[in-house]
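Structural overview for review
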Amino acid sequence: MARWQKVLLGVSAALVLTLIAASVAAMWTVRRSFPQTEGILELAGLDSTVRVLRDGYGIPQVYADSPHDLFFAQGFVQAQDRFFEMDYRRHLASGRLAELFGRNALESDMFVRTLGWRRVAEQELALLSTDARSYLKSFAEGVNAYLAETDGAEMSLEYAALRLSGLSYTPEDWTPADSLVWLKAMSWTLGSNIEDEIDRSLQSAQLTRQEVESLWPTYPFEVNKPIVNQGALVDGVFEQDATGPGTRFPARPPFRAGPPVPARPPFRVDAQPSLREAKAASSQLTRLLGTGDSLGSNAWAVSGARTASGAPMIANDPHLGASLPSPWYQMGLHCNEVSQDCPFDVAGFTFAGLPGVVIGHNADIAWGLSTLFADVQDLYLEKLVAEDRYLYDGRERELDTRVESFAVEGEAEPVEITVRESQHGPLISDVDEELEAVGGAAPVPKSAEPSEERSAESSVGGYAVALRWTALEPGRTAEALFGLNTASNWNDFREAVRDFDVPGQSLVYADTAGHIGYQAAGLIPIRRIGQGNWPVPGWDPAYEWDNDFVPYDALPSVLDPGDGYVIAANQTVIGDDYPYYLGSSTDYGYRATRIGDLLLEDDSLTVEDMAAIQLDNYSQLAKTATFRLRDISLPGNYYQQGQRTLGKWDFHMDADSPGAAYFAMVWASVLDLTFSDQLPEDTLPSGDSRWWTVMEQLLKEPRNPFWDDISTLDTRETRDDILHMAMVTARDELTRRLSRRASDWQWGKLHTLTLRNESEQVTDGASPGFLFDRGGYELGGGSSIVSATSYHVSEGFEATSVPSMRMVVSLDDLDSSIWVNLTGASGHAFHENYTDQTDLWLDGQSLPWVFTRADVEGAAESELTLEPG
């Protein structure tokens, strides 16, 4: 063998050995964080033996003798599977992400600290019962028992990646406030309408008030029913059987709609750049929280009169931002002997880092959640007269102040800001220079122009923007969750929900005694004037809330409705003659109507039937619009091929459908051609149910001014002109993206899903996504469809929010219930339970949801025994 050949062979062998060694080292680093799920562990802090049984998908069921041991074990097991997710979330919700990720996270940290989520969470502890505080404390002790046994990469691969970037970090002990603060983050995710207020303001600079309102239409009661279709308010209490003018709403509260509003509100054009910055800051926080467009949920219950078993069933699939791991964690919590001292026998979905179960069932009742979308946020414009004073009711008042200090990874010195608060809330315009400018040119009455003395470097003499929000007051939502876990009947359920302050929720209910029901929940303000859809003058007492909220007993509820089902799919709660204003940012009801239509097709529903409804891809908008599209005359066979895909299409947005692909592209083009010339770029249509309602009306008005392209000065376009252009554009775009042959088009090739690690939102994609992300999944469904895989049409077709889990509970045999998560139980990349449920989720399949001890033990594939150490 020649010398050069020997050298080459030696180098090759060394390279192979190096690669093998690197692979072994990498796999060792990866696997060292995998949890122990079998054998015996001794843990200081336990009082007695705890069993943790896991099925083949790693879903844990915990059995203990006391609540202390039960929640201790829950904290330990969640930390085993998901500690990085828990740690990331507490840093995010506490405004401390910059400690891990540096300057990229500083602006969002400032915004969160200005809001003060952590301070409120710490105050909430004192409002909780002794039992609730003890559960949170026990959970924290379990998490800390895990931290005492692990370090760095042993906790998660993400920590190894952070250490490679130079971070030296040891996690702090877990505290009860760490659990509570995530509820504040979820309240922001599910209860924020700041961007709606800003969008209206931005649009008003280019449109008349009538035009703006046409883009925010009222709920279509004549087409889509509300959740509750019976009952009335009697002496301040909602009575589901009350009817007739003699009893309807005798206790109507005083309400003033506010002064007459001119056709074009008195907005100053120079407010627009600042409002855009405010929206950008809010949007950045929303993005960091892993949320997407068209958040919501489907939740419904059917009575035994409509099921094959003769017992109720309940279904739920919350629509949240797509992330890896899933926002949800499946778990069962069981006292070995259920008693007053140890009352827990419950299973379902919770958030990693939170004790108890958020959605699920116990031995007696089942419940599901759907966001209420109540209007619980208002922006107040505060007129500043000095750095520390503002005007209210003609007098000066002092601003409350506090200093917030931020440790920033890679920087020696902390960053400090001064947070100012008016009586309405924190001045979010102080977060940075851009947000500060929001108050400098804000939409206010002409009679309240700012002083000419306004400084270019501060808000003195100008306006600041304060946020009032129910979640910034301490509440008892955690108490409500523990109450739901142990409720045994309708009355227990309603009393538990009484404490559900934020976020506002619609709760559906079913029990083993044969009942179904619904309850609206949450703190919803009563405003002296108006509805909070626009920023209001903070110096005018007429716009106060007075700390007055809709009484819980006045909120709509119903037990055993006459039609045998209740559907809460984010539509409006009740008819417009209900005296209290709950909000106008709800879904417009297309999903709920479709669910109702499918339920009425069968009076012998099974678990499989309920699951099939969750997967329904039918598009009501497609049916309405396609009849118009089929009538448009297109030039030549090339363009007509696209149109012909609609010929026999059944209006289902199936992943393999050419018609669905063509319609989706046409729909996106129609919205772009109709509105991009008349709306500010950052308020362009998302394509959600509001825009469905807008377009359904516009399709009936062929000469509506919105159809006209204002850039073509010599031509006035009509509806059919825009539809023609959209269909031509869609055909060309699909040829470019997919194929010239229309029969090859598939909706799923456009509408894809990528599951990304949450931390990538902070690092702008700089983190090693190849380690943590999974994607390229092809989806059916779409926005405002029961199978709600939503996307923003102005940004592309990639799914941004999806059904984050699905469950169906059968109350006649709890062990015949089914559930599935978007990802898996594990948050550890490369673990077998990391994404092992994703393929099931994609295929519309579910897992058996065993509950009774015998079935849990029969399904168990591993058992970990935790002993007192």
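This is a predicted model, so every value here is computed, not measured. (Residues numbered from 1 in each chain as written. Predicted model: local features only at pLDDT ≥ 70, side-chain atom pairs only at ≥ 80, totals over all residues. Heavy atoms only, no water.)

**Comments concerning the overall build of the protein**
Stated formally: Secondary structure follows DSSP: runs of H or I at least 4 residues long count as helices, runs of E at least 2 residues long count as strands, and numbering of each begins at the N terminus. Whether two residues are in contact is decided by their heavy atoms: any pair within 4.5 Å suffices. Here, Shrake-Rupley sampling with a 1.4 Å probe gives the accessible areas, and only protein chains in the shown set may cover a residue.
On a plain count of helices and strands, the protein comes out with 26 helices and 29 strands. Pairs at least 24 residues apart make up 73% of the contacts formed inside the protein by residues separated by at least 6 positions. Surface summary for the protein: the accessible area is close to 32900 Å², and the carbon and sulfur share equals 49%.

**Some points on helix α19 (residues 658-675)**
Quick reminder of the rule: Expected helix span is given by 1.5 Å per residue-to-residue step, counting one fewer step than there are residues. For each residue, the accessible area found with a 1.4 Å probe, counting protein chains only, is set against the maximum for its type, and the residue is called buried under 20%, exposed over 50%, and partly exposed in between.
For α19, spanning 18 residues, the distance from its first C-alpha to its last is 26 Å, which sits close to the expected 26 Å at 1.5 Å a residue. Most of α19 sits inside the fold, with 15 of its 18 residues counted as buried.

**With respect to the sheet that holds strand β3 (residues 60-64)**
By way of backbone hydrogen bonds, the strands of a sheet pair with one another, either parallel or antiparallel. Going by this rule: Here, strands pair whenever DSSP counts at least two bridges between them. Orientation is described by lines fitted to C-alpha atoms, with helices fitted over the stretch in contact, and by angles between N-to-C directions that extend from 0 to 180 degrees.
An order of β1-β29-β2-β3-β8-β9-β10-β11-β18-β19-β21 is seen for the 11 strands of this open sheet, with the pairing classed as mixed. At either end of the open sheet lies a strand with only one pairing partner, and these are β1 (39-43) and β21 (557-559). For this sheet, the mean inter-axis angle between neighbouring strands, taken without regard to orientation, is 20°.

**Points about the nonpolar core**
Spelled out, the test is: Here, nonpolar core refers to any group of buried Ala, Val, Leu, Ile, Met, Phe, Trp, Tyr and Cys residues whose side-chain atoms link them within 4.5 Å.
By size, the foremost hydrophobic cluster in this structure holds 175 residues, and its most contacted members are Phe83, Trp117, Trp188, Tyr518, Leu753 and Leu866. Ranked by the residues each element gives to this core, the list is headed by helix α2 (residues 67-93), at 13 residues. The residues touching Leu866, leaving out its near neighbours within four places in the chain, are Leu41, Leu43, Leu46, Ser48, Thr49, Val50, Val52, Ala73 and Phe76.

**Focus: the packing of aromatic side chains**
Our working definition: Stacked, tilted and edge-to-face pairs are distinguished by plane angle, under 30 degrees for stacked and over 60 for edge-to-face with tilted covering the rest, among Phe, Tyr and Trp rings (Trp via its six-membered ring) whose centres lie within 6.5 Å.
According to the stated counting rule, one finds 39 aromatic pairs in the structure shown. For the pair Phe76 and Tyr146, a centre-to-centre distance of 6.2 Å together with 75° between the ring planes defines the contact as edge-to-face. Taken together, the residues span a long stretch of sequence, with Phe76 in helix α2 and Tyr146 in helix α6 (residues 130-149) at a distance of 70 residues. Classification of Phe76 as buried rests on a relative accessible area of 2%. Ring centres of Tyr88 and Phe101 lie 6.2 Å apart, and the angle between their planes is 75°; this geometry places the pair in the edge-to-face category.

**Observations concerning the packing of α19 against helix α21 (residues 719-737)**
To keep things clear, this is the line we draw: What sets the label is the angle itself: under 35 degrees gives roughly parallel, over 145 gives roughly antiparallel, 65 to 115 gives roughly perpendicular, and the rest give oblique. Handedness of a crossing follows from how the near helix is turned relative to the far one, being left-handed for an anticlockwise turn of less than a right angle and right-handed for a clockwise one. Only Asp, Glu, Lys and Arg are considered charged, only Ala, Val, Leu, Ile, Met, Phe, Trp, Tyr, Cys and Pro nonpolar, and every remaining residue, Gly among them, polar.
Close contact between α19 and α21 brings their axes to 8 Å; oriented N to C, the two are set at 130°. The angle between α19 and α21 falls in the class oblique. Considering the relative orientation of α19 and α21, their crossing is right-handed. Counting all contacts with α19, which are made through Ala661, Tyr662, Met665, Val666, Ser669, Val670, Leu673 and Thr674, the residues of α21 involved are Ile722, Leu723, Met725, Ala726, Met727, Thr729, Ala730, Arg731, Glu733, Leu734 and Arg737. Of the residues assigned to the contact of α19 with α21, the class counts are 13 nonpolar, 3 polar and 3 charged.

**A short note on the confidence of the model for the protein**
We count it as follows: Confidence of the prediction at every residue is given by pLDDT, a number between 0 and 100.
Considering every residue of the protein, the mean pLDDT works out to 89; 87% of them sit at 70 or more. The low-confidence segment residues 16-26, where pLDDT is below 50, has 0 contacts with residues more than four positions distant or belonging to other chains. Counting interchain partners and residues more than four positions distant, the pLDDT-below-50 stretch residues 433-459 has 60 contacts.

**What about the environment of Val415?**
Within the fold, Val415 resides in strand β16 (residues 415-421). Between the C-alpha atoms of Val415 and Met110, which are 305 residues apart in sequence, the distance is 9.8 Å. If sequence neighbours within four positions are ignored, Val415 has contacts with Arg103, Leu106, Met110, Glu404, Ser405, Phe406 and Val408.

**Some points on the environment of Gly116**
The topology assignment puts Gly116 in the loop between α4 (106-115) and α5 (117-124). Relative accessible area serves as the criterion here: at 4%, Gly116 is assigned to the buried category. Between the alpha carbons of Gly116 and Val181 there is a distance of 9.9 Å; along the sequence they are 65 residues apart.

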